[in-house]
Every structure is written in C-alpha cells, then in structure tokens.
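Remarks on the overall topology
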Amino acid sequence: VTQLTRIGITPQFFKAGTKLSVIGPISRHSPYMCFFEVIEFADGRSFNVNGPGGAQQTPPQAQLPPRRDVFGTWLLAPSRNRSGDGQPPPLQLLTPAGEKAVASYDPFRDDPVFRCDPVAVQRVWQAPSTPLEIVRDGADVVLHHEWMDVRRVIHMNMKTHPKDGVRNSLGHSIGRWEGDTLVIETANYSAGVLEQYVERRGQPTKGLLHSAALTTVERLRVDVERQRLVVDVDVTDPEFFKQPLARLTMEYSPSDLKIAPFKCSREGLTGTIPNPAK
C-alpha cells in the first residue's frame, strides 16, 4: 500500500461501484486472476503500478547533497546483474539434495511472502520502489529496509556467529570495514528460498532453494563519482550447490524518501515451505 500510494494509487480508487479496467499478464492457474500492472478508469486516467515510467523505473529524486559513504537513505536503481560469465545457471549447479528440495517447492503456493517472510537477503536487496536506510547504532550498523519492515543489525564488534543462535531467513550478520567498503558476513540461516521464481523458456517456473548451510558475503561501497551505492552479494551453500553462485550486483541511488511501515498482512494468504529433509 505504501509503495502504491507514493505513485498515486490509493485505496479510494477501489470503492465499491467504481468502474475500471485492470491490465496485466494472466495467471497460469486461474482465468480470473492476473499480475496487476495497469489500471484504467472510465474518465481516461491510467496508472502503472511501477510508477510514471512503467516497469523497472525509479521515482525521480530531488537534488541531494553528494554522498561520501554508505550511510543515508537509498533507493534501488534500475540495474541488476550477475557476474561470472560462462558460469552455469544456478539450477544446473544443484546437488542431489538441492534438486530434491527444488522439486518439492511450488512457487505459486509456497512463496514465503505469503507468510510475510522477507524470503532472503538478496530478495530484500532487490525490492523495487521501497527505500533503504543505513545508520549507525552505537558500534553496530543497521540496515532498515521498508520492504517487509526488515531491520538487519550488523554486529561490528563480533568475530564469529553464535553457535546455537536463532536461525531465520535473514540469518545473523557480523561486519567489518575494508577501507570505505562495508563487508557483511551472514550465517545461521534457516533452510528456505533463495529466489522465489526462476524462469526458463519452455519450462515450468521453479524456485531456487537453499539449505541451513547457506552463507553470504555482502560488500557495500559508494561510487562517489556516479553517486551510487554498489552492493555485491556472494552466495555459498555446499549442501545444495556444487560451487558458489555467481556474484549478484545491485546499485542504489540517493533518496529523500521517508521509510513508512510496510504493514504486510497474512490475512487470506497461505503457503508453506517444504522441509528439504523430508
């Protein structure tokens, strides 16, 4: 709701009796459902859920003072890619245990967002049109994402992860500085979903799962000349993947947006993550 309201789509648009057209790709499972992208009204007004520029566009930002470090509020810029040219796609790197887990996962039934779960670190980084705030909290660094109300504490004075610590989809993070680059090492993940939807031409949509052996390394730095926060994410899971996955790189631009409550609701949503051990 917060994301849609920012671009002018408010709950008032959907009062009972209002005539409108909804445009989007049709569901694979129901002729009465689609992925909502555009709404058009009888008076000629049209709104795109991705903002005035359509898909993959970033809302315009006011001119802000130059950023010299990672701290401040940022918004995902319209570019993301994996490095590692020539490396096989992730699904080709699965171990037998990883293949078994993927086979038991239905992305249209088991997507963690149905439970208001943030899914995984790299999914949080890829959330469009929702700001991220990076601040200091004493000796620690806090990453506060508006998406799913995620608040990650990066423990800067810890060298190791708790052996019997709580496990969840975002794990436990420790950090250090390498020059101006913030390096975040995360472990203590619970088994879950790395990517909710993996599309391959001519084949059914699948999800990419990970085991509790997952570890990630994130590197955050500022490209001062281009005024971009550059985020690299390296993923390793020896139980589900034969080798580390190709690096995922994203860029964020400075933002003046204020983070608002995401208020995800589980009402009417269902879904379960299959236990890969079964």
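Residues numbered from 1 in each chain as written. Predicted model: local features only at pLDDT ≥ 70, side-chain atom pairs only at ≥ 80, totals over all residues. Heavy atoms only, no water.

**Describing unusual backbone geometry**
This is how it is decided: In this text, helices come from DSSP runs of H or I with a minimum length of four residues, and strands from runs of E with a minimum of two, each type numbered from the N-terminal end.
In the Ramachandran plot, Asp-149 falls in the positive-phi region, its phi being about 55° despite a non-glycine side chain. Mapped onto the secondary structure, Asp-149 falls in the loop between strand S6 (140–145) and strand S7 (151–155).

**Overview of the pairing of strand S10 (residues 192–200)**
Moving residue by residue along a regular strand, the side chains alternate between the two faces of the sheet. To be explicit about the condition: Should DSSP find at least two bridges between two strands, the strands are regarded as paired.
In terms of strand pairing, S10 meets strand S11 (residues 203–210) through five bridges, oriented antiparallel. Bridge pairing links Gly-192 to His-210 in S11. Hairpin connection from S10 to S11: two residues lie between these consecutive antiparallel strands, with Gly-202 at a positive phi of about 80°.

**Regarding the side chain of Asp-232**
Operational definition: Whenever two N or O atoms come within 3.5 Å, that pair is a polar contact, provided that in protein one can donate a hydrogen and the other can accept it, and provided that, for residues adjacent in sequence, both atoms are side-chain atoms.
One can find Asp-232 in strand S13 (residues 228–236). A distance of 2.8 Å separates the side chain of Asp-232 from the side chain of Thr-249, its partner in a polar contact.

**What about the packing of aromatic side chains?**
We apply this condition: Between the rings of Phe, Tyr and Trp (Trp by its six-membered ring), a pair exists once the centres lie within 6.5 Å; its type follows the angle of the planes, with under 30 degrees stacked, over 60 edge-to-face, and the other angles tilted. Think of it in three bands: residues with accessible area under 20% of the maximum for their type are buried, residues over 50% are exposed, and the middle band is partly exposed, with areas taken using a 1.4 Å probe on protein chains only. Consider the ring centre and the ring normal. A charge sits over the ring if Lys NZ or Arg CZ is within 6 Å of that centre and within 35 degrees of that normal.
All chains considered together, the criterion is met by eight aromatic pairs. Judged by centre distance (6.3 Å) and plane angle (85°), the ring pair of Phe-41 and Phe-47 falls under edge-to-face. Neither residue differs from the other here; Phe-41 and Phe-47 are each classed as buried. Among the aromatic residues, ring-to-ring pairing joins Phe-13, Phe-14, Phe-41 and Phe-47 into one connected group. Taking the ring centre of Trp-74 as reference, the NZ or CZ of Arg-67 above it sits at 4.7 Å. Positioned above the aromatic ring of Trp-147 is the side chain of Arg-123, whose terminal nitrogen or guanidinium carbon lies 4.1 Å from the ring centre.

**Topic: the pattern of salt bridges**
Spelled out, the test is: A pairing counts as a salt bridge when a side-chain nitrogen of Lys or Arg comes within 4 Å of a carboxyl oxygen of Asp or Glu.
Enumeration according to the criterion identifies 12 salt bridges in this entry. Here Glu-218 makes a salt bridge to Arg-152, at a shortest N to O gap of 2.8 Å. Of the two residues, Glu-218 sits in strand S12 (residues 215–223) while Arg-152 sits in strand S7, which places them 66 residues apart along the sequence. With relative accessibility at 0%, the residue Glu-218 sits in the buried group. A salt bridge links Arg-226 to Glu-251, with the nearest nitrogen and oxygen atoms 2.7 Å apart. One end of the pair, Arg-226, is in the loop between S12 and S13; the other, Glu-251, is in strand S14 (residues 248–254), with 25 residues separating them in the sequence. Here the salt bridges do not stand alone but share partners, grouping Arg-219, Asp-232, Asp-234 and Arg-247 into one network.

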